[in-house]
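# Fold and contact review
Residue-level listing of the chains:
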Amino acid sequence: MSGEKVFPKVETLQALGSDLAGTHKASHSEAARKIDPAQLAQDKRKLEEDGYVIIESLLSAEEIAEIKAALLPLLGHTGRNAFEGVNTQRLYGVPEKTRATDRLIEHPRILALLDRLFLPNYLLSQCQAINIMPGEEAQYLHSDDGFYRVPRPRPPLGAATVWAIDDFTGENGATVVVPGSHTWPDGRMPGDGDRKVKAVMPAGSVVFYPGTLWHGGGANLSAAPRLAVTCQYCEPWLRTQENYFLCMSKETLRDVSEDMKRMLGYSIHPPFIGMVNGMHPKRVLEEGVPS
């Protein structure tokens, strides 16, 4: 019959692992696919060997200024404990509050790496602005996906970026990473004998690392704040840190890109994870929208 939807046949248990959507098929970032394969291979090799990669100068001066102008008026509250930083301003739920940081969340160079780390339809776990003020002490070292209680060593279940909106220097709180710690087993923690590296980089650069890497915010010994944006991602079958179904309005979600919609949870991990009434969650965004 003309116009009748045709769904994939499901005749075996294995077939449930395929994309069963009739209307909203799984999509991938076209921009990420255009990243130079040689450059991507170099990024991934650095990531596998050291547990992190610094990619410099991905943002223009104009983009940096736009992001800073959008974020600074929204900052105010400082951390509630030593981990958040009592002299550190934090802004949670950033994707609902400004579109200026979308380019960080969905930067093609980052998505290209994530495409090789995780299953399709991986999720944005959180996005926050972090402004380390003068006098802040170093954050204690930690791994970002340690709250997923899966024994190490193991592949990462999450990954993160820290974008330098201000220059990251050795004095103003540059993120501290522990090279090679992404391969450590359960129970091993950084000690005095382990090498620690400050992710010094100019504004507009990013440090990318898997959730298994030990790291932490540095102490700010300078006289000026150090602004950053961190975006964290996770496998599509895991619970995210921020609940974007409550954080994000339908109006905002309709405005963002397809890559953003997918990472904010408006996607399906086969066969059924993420469904709404047995259907693709994007249908919820279409309700009340004129055809």
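In every chain, residue numbers begin from 1 and rise along the written sequence. It should be noted that, the model being predicted, local features are given only for residues of pLDDT at least 70 and side-chain atom pairs only at 80 or more, the latter also being counted only at that level, while totals for whole chains, interfaces and linings use all residues. Only hydrogens and water are removed before side-chain values are computed, so all heavy atoms of the structure are retained for them.

## Some thoughts on the sheet that holds strand 5 (residues 158-164)
This is how it is decided: Strands were regarded as paired on the criterion that DSSP finds at least two bridges between them. Helix numbering and strand numbering both begin at the N terminus, where a helix is a DSSP run of H or I of at least 4 residues and a strand a DSSP run of E of at least 2. In this analysis an axis means a line fitted to C-alpha atoms, helices contributing only their contacting stretch, and an angle means the value between N-to-C directions, from 0 to 180 degrees. Any two residues having at least one pair of non-hydrogen atoms within 4.5 Å are treated as being in contact.
Sheet architecture is open: 6 strands sit in the order 1-8-5-10-3-2, paired in antiparallel fashion. Each end of this open sheet is capped by a strand with a single partner; those strands are strand 1 (53-55) and strand 2 (88-91). Across the sheet, the mean angle separating the axes of adjacent strands is 20° when strand polarity is ignored. Packing of helix 6 (residues 108-117) onto the sheet brings it into contact with strand 1, strand 5, strand 8 (206-210) and strand 10 (226-234), and relative to strand 8 it is tilted by some 10°.

## With respect to the environment of glutamate 63
Secondary-structure assignment places glutamate 63 in helix 3 (residues 61-71). Spatially, the C-alpha atom of glutamate 63 lies 8.2 Å from that of glycine 204, the residues being 141 residues apart in sequence. Residues contacting glutamate 63, with those up to four places away along its chain left out, are Leu58 and Arg103.

## Details of the nonpolar core
Filter applied, for reference: To form a nonpolar core, buried Ala, Val, Leu, Ile, Met, Phe, Trp, Tyr and Cys residues must be joined to one another through side-chain atoms within 4.5 Å. The cut-offs for exposure are 20% and 50% of the maximum accessible area for each residue type, with area from a 1.4 Å probe on protein chains only; residues under the lower value are buried, those over the upper are exposed, and the others partly exposed.
Ranked by size, the top nonpolar core spans 44 residues in total, and within it Leu114, Leu124, Trp163, Cys231 and Tyr233 carry the most contacts. Examining the composition of this core, we find that 5 residues originate from one element, helix 6, more than from any other. Setting aside residues no more than four positions away along its own chain, leucine 124 makes contact with Pro95, Ile105, Cys231, Gln232, Tyr233, Thr240, Tyr244, Met263 and Leu264. Grouped together as the second largest cluster of nonpolar side chains are 14 residues, Tyr52, Phe168, Val177 and Val197 included.

## Some remarks on the pairing of strand 2
Residues in a regular strand project their side chains so that they alternate between the two faces of the sheet. Here strand 2 shows two buried faces, one formed by Thr88 and Arg90 and the other by Gln89 and Leu91. Sheet topology note: the strand 2/strand 3 (residues 123-132) ladder contains 4 bridges and is antiparallel. Looking at the pairing, leucine 91 lines up with alanine 129 of strand 3.

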